[in-house]
Amino acid sequence: MSSRERILGRVRRALADVPADARPYEEAVAREYLREHGQRSVGETVDLLAENLADYRAIVHRTDEEELPLLIMRLLAQRGPQYVLVPPSLPPEWMSAADPTRVHDRAVSTPHELDRVESVVTGCAVAVAETGTIVLDGSPDQGRRRITLIPDHHICVVRVPDQVVSSVPEALERLDPARPLTWISGPSATSDIELDRVEGVHGPRTLEVVLLSGS
Amino acid sequence: MSGTFVGMPAFPRAAREAVGNTTLRGNLRHATHTIRDKRARAVAELDDWAALREAGKQIKDHTLRHLDRYLVQVEEAVTAAGGTVHWAADADEANDIVARLVEETGESEVVKVKSMATQEIGLNEALQARGIHAYETDLAELIVQLGKDRPSHILVPAIHRNRGEIRDIFRSEMGEWGRPAPENLTDTPAELAEAARLHLREKFLRAKVGISGANFVVAETGTLVVVESEGNGRMCLTLPETLISVVGIEKIVPRWQDLEVFLQTLPRSSTAERMNPYTSMWTGTTDEDGPRTFHLVLLDNGRTDTLADEVGRQALRCIRCSACLNVCPVYERAGGHAYGSVYPGPIGAILSPQLRGTGSEIDASLPYASSLCGACYEVCPVAIDIPEVLVHLRERVVQGGPAVRGGNRVVLRPAKGHAAERAAMRAAQWAFTRPGALRTGQRLASRTRRLHPRTLPGPGRAWSGTRDLPAVPAEPFRDWWQRTHGGKGGAK
């Protein structure tokens, strides 16, 4: 007998005492929890996102289409990296004023090569106001998962209010599970020393989130 | 300190030693109190916490009720998404599968995401025996691994170490494993985190094989979810060419939507955050992004035996948040090592004796490692009634009875050392079913109450050594009732 058959057999025998339960999944779970917490206008939801991002030490900026290239230029200039990673389909105008040499992540690039790049600029799939979270789904304006992981400085542009949802349930509704997803809430951190939070371990230690409103 | 839990003494003996260690008690008190208050605030932010908790419980119960169906669904979905599914009935089989998969890649080192399942099965030791080095990359796991220590907490395995001890371990041990700790390393947490970053960086960048567990597996989509803080998880899940995930069969949730419950309750219960810094979700393999080969090892190792226990099966709802450890007065004083398992604290006291059986001294003693105060049940985000299961397991230890071990029905013999308890219970049963004898006995006890000893003699001495015997009233309740109410208007 294979272990598969053995385990499935054990499960069935283990449940022999339970009365047959024909209730479908839909009736087995009462979803009496809230879809979102509190009533907010669209503007207030964006404000809450900014507040919660900042609470977990992300640096938040607000700008519009016109000012965005200058803001990105400034943010990069403050760090002064020689190279900046960009995903394949980042809107080119975002980087039009930036000084560092743009590097594209190719499938054959090794992690060691990417480790020489200090900054990365991406878009995002969705942002969650209640938790201060941005979610990346590997779309062409976000790139492979590794490009937002190895560099120490991540600039993420969120289109507000279109890409902002209030809550975790609303975010999951918008996401496609078939894509590789990365939920990011602030820069990398640890609570492993005396259960106290310290920012900055393996992921980017500086996370800058740009809230981009339509012009 | 050795890196294994085999041959641990019973809880009371191990705990007595730990309680005498003032550094340990100070470290634990500081850490658990810090997180306790933060968790309460994070939970209070959500008005619908009770409804989320109930939904989490119902999702897990429904899944366990139909676990065979959902396991098959996971297998189908993961396979369809480009992964390979393996089934492991016990620890040895799981270790063998993982070792074989690593050997097939030709590699002799792997990087690991923190995973309770792989600790439970002793994967690192099993790999070492086959010449494969496993590097732990979670900061706390790194501290434990470098210190040749054992984990003492589910979320923060090095919770028993303070910053000074961590610095000493980094200074003396990092060089043995790779890049040494920086000169002049101080004990500030930020510097210690930086030292870990530098030490592990080279390992991440060259790793070809990653090993993880998972917090959740979604049956309908075949998606695995890993919740973490540091980014070491992301490194192990995305940089290597091969990813092997060892996941207990109870980690399944039926649908994508179910994550909306647990992604709200888990971070707030464990690290007291609205959301943990990083959550990775992947479904099989993705072209040109992340590992090209993905293996999922579904692990039983005592879980189906636990599922067979009507009362005890609720322990399988556990999402490993560790909130119960942080509020437990026994854990706070005894520390995690005394529990003799990778699962310490209240949840460990009901999980270890079910996964491993109550055959060993330590496992038979774990159901007693509690004052039954119920704080663990209060904070549990999936409403596991830990006190109920503790009492149930005490009964099993003392009385024996039917259970399932290794998939087979067995009848457990009563444990040794509980003869006095059993005799007392039998005597109580005899007296309570004979009202005349009970009345006579109670009157006798009242009349002789001045002569009662303050502590019990013989086998009862241990029990009364830490307790006051209840004072016997001058008159039994039933006599008092008869005298004052004349038997009118009340139960006869």
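Residues numbered from 1 in each chain as written. Chains lettered and ligands numbered in written order. Predicted model: local features only at pLDDT ≥ 70, side-chain atom pairs only at ≥ 80, totals over all residues. Heavy atoms only, no water.

Taking an unreviewed UniProt entry as the reference, chain B is identified by name as LutB/LldF family L-lactate oxidation iron-sulfur protein belonging to Streptomyces hyderabadensis.

For chain A, the name recorded in an unreviewed UniProt entry is LUD domain-containing protein, with Streptomyces hyderabadensis as its organism.

Caption draft 1: Up close: the overall build of chain A. Helix and strand counts for chain A stand at six helices and twelve strands. Along the longest, intermediate and shortest principal axes, the C-alpha atoms of chain A span 70 × 45 × 40 Å. Burial analysis of chain A (215 residues in total) assigns 58% to the buried set. A separation threshold of at least 6 residues defines the contact pool for chain A, and within that pool the share at least 24 residues apart is 71%. (Helix = DSSP H or I, 4+ residues; strand = E, 2+ residues; numbered from the N terminus. Buried < 20%, exposed > 50% of the residue type's maximum accessible area, 1.4 Å probe, protein only. Contact = heavy atoms within 4.5 Å.)

Caption draft 2: Representation of the interface of chain A and chain B within the structure. Between chain A and chain B, the contact holds 79 residues from the first and 103 residues from the second. For the pair chain A and chain B, the summed buried area comes to about 7,900 Å², and 56% of that belongs to carbon and sulfur atoms. When residues of chain A are sorted by the area they lose upon contact with chain B, Glu194, Leu195 and His202 of chain A head the list and together hold 11% of the total. For the interface between chain A and chain B, the tally reads 15 salt bridges. Note that Arg4 of chain A and Glu75 of chain B form a salt bridge whose closest N and O atoms lie 2.8 Å from each other. Inspection of the region where chain A meets chain B yields 45 residue pairs in polar contact (both at pLDDT 80 or more). Of all the secondary-structure elements, those providing two or more residues to the side of chain A that touches chain B are α1 (3–14), α2 (25–28), α3 (42–55), α5 (111–114), α6 (168–174), β9 (181–184), β10 (189–193) and β11 (196–199) of chain A. Of the residues forming the side of chain A that touches chain B, the biggest block, ten residues, is contributed by α1 of chain A. As judged from the four bridges shared by β9 of chain A and strand β9 (residues 278–283) of chain B, these two strands associate in the antiparallel manner. Paired with Ile184 of chain A across the two strands is Tyr278 of chain B, which belongs to β9 of chain B. (Buried area = accessible area lost by both parts, 1.4 Å probe. Salt bridge = Lys/Arg side-chain N within 4 Å of Asp/Glu carboxyl O. Polar contact = N/O pair within 3.5 Å; in protein donor to acceptor, adjacent residues only side chain to side chain. Pairing = 2+ DSSP bridges.)

Caption draft 3: The arrangement of the packing of aromatic side chains in detail. All names here are of chain B. Summed over all chains, the structure comprises eight aromatic pairs over all chains. Residues Trp480 and Trp481 carry aromatic rings whose centres are separated by 6.3 Å and whose planes lie at 55° to one another, so their mutual orientation is tilted. Judged by relative accessible area, which is 34%, Trp480 ranks as partly exposed. Connected via pairs of aromatic rings, a cluster forms that spans Phe11, Tyr331 and Tyr339. Its guanidinium or amino end placed over the ring of Tyr377, Arg53 lies 5.3 Å from that ring's centre, counting from NZ or CZ. Over the ring of Tyr278 we find Arg234, and its NZ or CZ is 4.8 Å from the ring centre. (Phe/Tyr/Trp six-rings, centres within 6.5 Å; stacked < 30°, edge-to-face > 60°. Lys NZ or Arg CZ within 6 Å of the ring centre and 35° of its normal.)

Caption draft 4: Fine view of the UniProt feature "domain: LUD" (unreviewed entry) in chain A. UniProt feature "domain: LUD" (unreviewed entry): in the numbering of this structure it lies at residues 110–212 of chain A. With 11% helix and 40% strand, the stretch residues 110–212 of chain A has end C-alpha atoms that lie 32 Å from each other. (UniProt positions renumbered as here; feature names shortened; annotations may be inferred.)

Caption draft 5: The packing of helix α3 (residues 49–65) of chain B against helix α12 (residues 259–270) of chain B, seen in detail. Residue and element names in this part refer to chain B. One can describe the packing of α3 onto α12 by two numbers: an axis separation of 10 Å at closest approach and a directional angle of 115°. On the basis of the axis angle, α3 is roughly perpendicular to α12. In terms of crossing hand, the pair formed by α3 and α12 is left-handed. Across from Trp49, Leu52, Ala55, Gly56, Ile59 and Lys60 in α3, the residues of α12 making contact are Val261, Phe262, Gln264, Thr265, Arg268 and Ser269. Among the residues forming the contact of α3 with α12, the class breakdown is six nonpolar, four polar and two charged. (Axes fitted to C-alpha atoms, helices over the stretch in contact; angles between N-to-C directions. Parallel < 35°, antiparallel > 145°, perpendicular 65-115°, else oblique. Left-handed = near helix turned anticlockwise from the far one by under 90°. Nonpolar A, V, L, I, M, F, W, Y, C, P; charged D, E, K, R; others polar.)

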